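# Reading the structure
The primary structure of each chain is shown beneath.
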Amino acid sequence: MLSGEALGAIARIDLVEGEGGRVTPVDYKRGRPPNAPGGAWEPERVQLCLQSLLLRANGYSCSEGVLYFVEAKERVTVPFDDALESRTRELLGELRTMASGGRIPPPLQDSPKCPRCSLVGICLPDEINLLSEPARAPRRQDVRRLVPGRDDALPLYVQAQGAIVGKTGDLLEIRVKGSLLQTARLMEVSHLALYGNVQVTSQALRELCARDIPVCYFSYGGWFQGITTGMAHKNVELRCRQYAAAMSTGASLPIARRIMFGKIKNSRTLLRRNHKDPPAAVLAELDRLAARTQAAESMETLLGIEGAAARAYFGEFQGMLKAGGMIFNFQGRNRRPPRDPVNAIISFLYSMLIRQAMVTAIAVGFDPYLGFYHQPKYGKPALALDLAEEFRSIIADSVCIGMINNGEIGGEHAIARGGEVALTQTGRRKVIEAFERRMDATITHPLFGYAVSYRRIMEVQARLLARHLLGELSSYPVFRTR
Ligand code: SF4
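Residues numbered from 1 in each chain as written. Predicted model: local features only at pLDDT ≥ 70, side-chain atom pairs only at ≥ 80, totals over all residues. Heavy atoms only, no water.

### Brief notes about the overall build of the protein
On a plain count of helices and strands, the protein comes out with 14 helices and 18 strands. Projected onto its principal axes, the C-alpha coordinates of the protein cover approximately 85 × 60 × 40 Å. In the protein, which comprises 482 residues, the proportion classed as buried is 50%. Sequence-distant contacts, at least 24 apart, represent 62% of the contacts inside the protein between residues at least 6 apart. When the accessible surface of the protein is summed, it comes to about 23500 Å², and 53% of that surface belongs to carbon and sulfur atoms. Side chains of the protein carry 62 positive and 49 negative charges; the gap between the two charge centres is 6 Å. (Helix = DSSP H or I, 4+ residues; strand = E, 2+ residues; numbered from the N terminus. Buried < 20%, exposed > 50% of the residue type's maximum accessible area, 1.4 Å probe, protein only. Contact = heavy atoms within 4.5 Å. Areas by Shrake-Rupley, 256 points an atom, 1.4 Å probe, with all protein chains shown as cover. Lys, Arg positive; Asp, Glu negative; His and termini not counted. Charge placed at Lys NZ, Arg CZ, Asp CG, Glu CD.)

### Looking at the pairing of strand β5 (residues 64–69)
Bridging between strand β4 (residues 22–29) and β5 involves four bridges; their strand directions are parallel. Each residue of the ladder has a partner; that of Lys 29, found in β5, is Phe 69. What joins β4 to β5 is helix α1 (residues 42–57), and the crossover it makes is right-handed. By the bridge criterion, six bridges tie β5 to strand β6 (residues 74–79) in an arrangement that is antiparallel. Residue pairing in the sheet places Leu 67 in a bridge with Val 76 of β6. Two successive antiparallel strands, β5 and β6, enclose a turn made up of four residues, where Lys 73 displays a positive phi of approximately 50 degrees. (Pairing = 2+ DSSP bridges. Right-handed = clockwise from strand over helix to strand, strands pointing away.)

### Comments concerning the site of the ligand
Taken together, Pro 107, Leu 108, Cys 114, Cys 117, Val 120, Cys 123 and Pro 125 make up the full set of residues adjacent to the ligand. Taken together, the residues that form the shell around the ligand break down as seven nonpolar, no polar and no charged. (Near = heavy atom within 4 Å. Nonpolar A, V, L, I, M, F, W, Y, C, P; charged D, E, K, R; others polar.)

### Comments concerning the sheet that holds β6
One open sheet holds the four strands; their spatial order is β3-β4-β5-β6, and the pairing between them is mixed. Sheet topology places β3 (15–19) and β6 at the edges, where each strand pairs with a single neighbour. Averaged over neighbouring strand pairs, the angle between their axes works out to 25 degrees when direction is ignored. Across five bridges, the pairing between β3 and β4 is antiparallel. Each bridged residue has a counterpart across the sheet, and for Glu 19 the counterpart in β4 is Arg 22. Its contacts with the sheet place α1 against β4, β5 and β6, and it is angled at close to 145 degrees to β4. (Axes fitted to C-alpha atoms, helices over the stretch in contact; angles between N-to-C directions.)

### A short note on the pattern of salt bridges
According to the stated counting rule, one finds 25 salt bridges in the structure shown. Where Arg 437 meets Glu 408, a salt bridge forms, and the shortest distance between an N and an O atom there is 2.7 Å. On the criterion of sequence distance, the pair formed by Arg 437 in helix α13 (residues 425–440) and Glu 408 in the loop between α12 (392–405) and β15 (414–417) is long-range, its members being 29 residues apart. Look at Arg 437 and you get partly exposed, because its relative accessible area is 47%. Judged by relative accessible area, which is 22%, Glu 408 ranks as partly exposed. Each of Lys 263, Glu 306, Glu 389 and Arg 392 takes part in a single network of salt bridges with overlapping partners. (Salt bridge = Lys/Arg side-chain N within 4 Å of Asp/Glu carboxyl O.)

### Details of the sheet that holds strand β9 (residues 171–176)
Taken together, four strands build an open sheet; the order of strands is β10-β9-β8-β12 and the sheet is mixed. Edge positions in the open sheet fall to β10 (179–185) and β12 (199–200), since each of these has one partner strand only. Where strand β8 (residues 164–168) lies against β9, five bridges are found, and the strand directions are antiparallel. Bridge pairing in β9 links Thr 168 to Leu 171.

### Section: a nonpolar patch on the surface
A surface patch of nonpolar side chains, about 250 Å² in accessible area, is lined by Leu 15, Tyr 28 and Val 70. Position of Leu 15 relative to the elements: it lies in strand β3. Judged by relative accessible area, Leu 15 falls into the partly exposed class, the value being 32%. (Patch = residues over 30% accessible without salt bridge, like charges linked within 9 Å, V, L, I, M, F, W, Y side chains within 5 Å.)

### Section: the domain arrangement of the protein
Along its sequence, the protein is carved into domain 1 (2–101), domain 2 (103–147), domain 3 (154–228) and domain 4 (236–469). Using only C-alpha atoms to locate each centre, domain 1 and domain 2 end up separated by 27 Å. (Domains from an automatic or database assignment.)

### Focus: the environment of Leu 470
By the secondary structure assignment, Leu 470 is in the segment after α14 (454–469). The exposure class assigned to Leu 470 is buried, which follows from its relative accessible area of 13%. With 229 residues separating them in the primary sequence, Leu 470 and Arg 241 have C-alpha atoms 6.7 Å apart. Excluding anything up to four places from it in sequence, Leu 470 contacts Ile 104, Glu 237, Leu 238 and Arg 241.

Shown next as structure tokens:
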């Protein structure tokens with residue numbers, strides 16, 4: 001790492017070859033030399049030239065650099081002349097002007113660089129171009145899926161009481177009373193979810209923090225109680241914008257309207273798809289309420305609309321349950337504590353959904369405690385709750401309905417005591433499995449047209465919200481299933 005105060009630049013140089021004071025910077029590239037004059041594109045030549053300017057500023061003599069193409073095992077020498085040096089200084093000046101302007105430049109259009117760019121999952125070039133500038137944008141069918149449709153890393157759940165999670169090499173080990181229960185490769189774990197009395201060794205915790213793998217803590221019954229993460233995300237700019245927008249009704253109300261619109265529309269879609277005899281009046285009422293969100297002039301109005309939509313939707317919930325009977329007789333939404341098996345399943349699923357939203361919010365760089373619809377309250381993960389809203393019906397409720405209708409869960413998986421109904425350990429395991437299956441299921445994205453998992457969709461939504469706050473998208477494009 002080398003800096004030069006007069007140049008106002010810092011460079012990380014892969015390798016410096018040299019003898020005495022005469023040196024050559026070497027930059028490693030993955031592929032083969034491009035079919036360009038001199039075997040290198042301008043950005044690579046400029047990058048090397050800037051490295052050489054920094055080396056010279058630090059007392060070395062440097063007249064050329066080398067690009068080493070790993071796949072071809074080929075060296076391309078780039079001589080430094082006056083033209084390249086003045087072009088490098090010119091671009092450095094332009095870059096500084098752009099950075100001080102405070103506005104992120106738009107992503108490249110249909111660039112062949114994007115598929116191999118390490119920032120592609122954050123940048124989302126085709127998606128942002130499609131949503132931000134329809135005139136310049138690719139058509140929906142031309143949006144390239146440049147990130148994998150699914151994540152390789154998945155959550156690791158531990159609900160064996162008394163279990164200890166430790167670390168050996170690149171593995172997490174789960175032991176109960178000294179006996180090894182299970183191992184998991186750290187690189188395949190997205191986050192750790194611990195239920196009840198489960199311990200984590202400090203060695204494991206340190207490694208998880210170093211790898212940015214959050215640890216989420218739940219009560220034995222599934223109540224989400226806390227999270228441990230590594231150092232806070234470096235994206236300070238995003239958090240500044242988040243705080244500013246959350247403190248301004250003018251900025252947060254439009255986001256809240258979009259979130260509620262999506263939530264109500266998605267509930268309506270679930271009802272239409274799953275109800276034995278979809279009631280036209282309720283579907284029309286949900287449509288009407290969704291339309292009203294767009295004109296809501298205060299958060300209180302939105303809260304009222306949300307309450308009315310929930311009554312209409314949950315009033316017909318039983319019609320989506322085929323098994324019915326005494327065990328799964330849903331009479332309305334209740335919680336803290338849930339008083340029937342359906343509400344126990346729904347509450348457990350919602351807490352998992354909020355955990356997923358919390359982990360996603362942190363990974364993108366947000367403060368999960370400051371939302372736009374949910375108002376700040378000590379310990380309330382308001383942004384995670386905001387991000388979960390549009391997915392409550394299509395992920396959590398849908399899993400509950402599917403499990404009951406397929407006979408995957410039954411009366412033996414719930415226990416009632418003192419007016420409270422909770423899931424048994426086997427019941428919870430079954431719900432966790434069904435939830436993870438749903439998160440992993442791929443669907444065709446309604447806006448971008450490519451196949452992608454729900455887990456990835458949640459991340460994309462969080463990133464789109466960030467791009468809206470950073471000024472790249474004029475509104476938050478809430479996720480709506482068809
Ligand atoms: S993905 Fe984004 S940052 Fe990377 S090359 Fe494409 S436009 Fe540039």
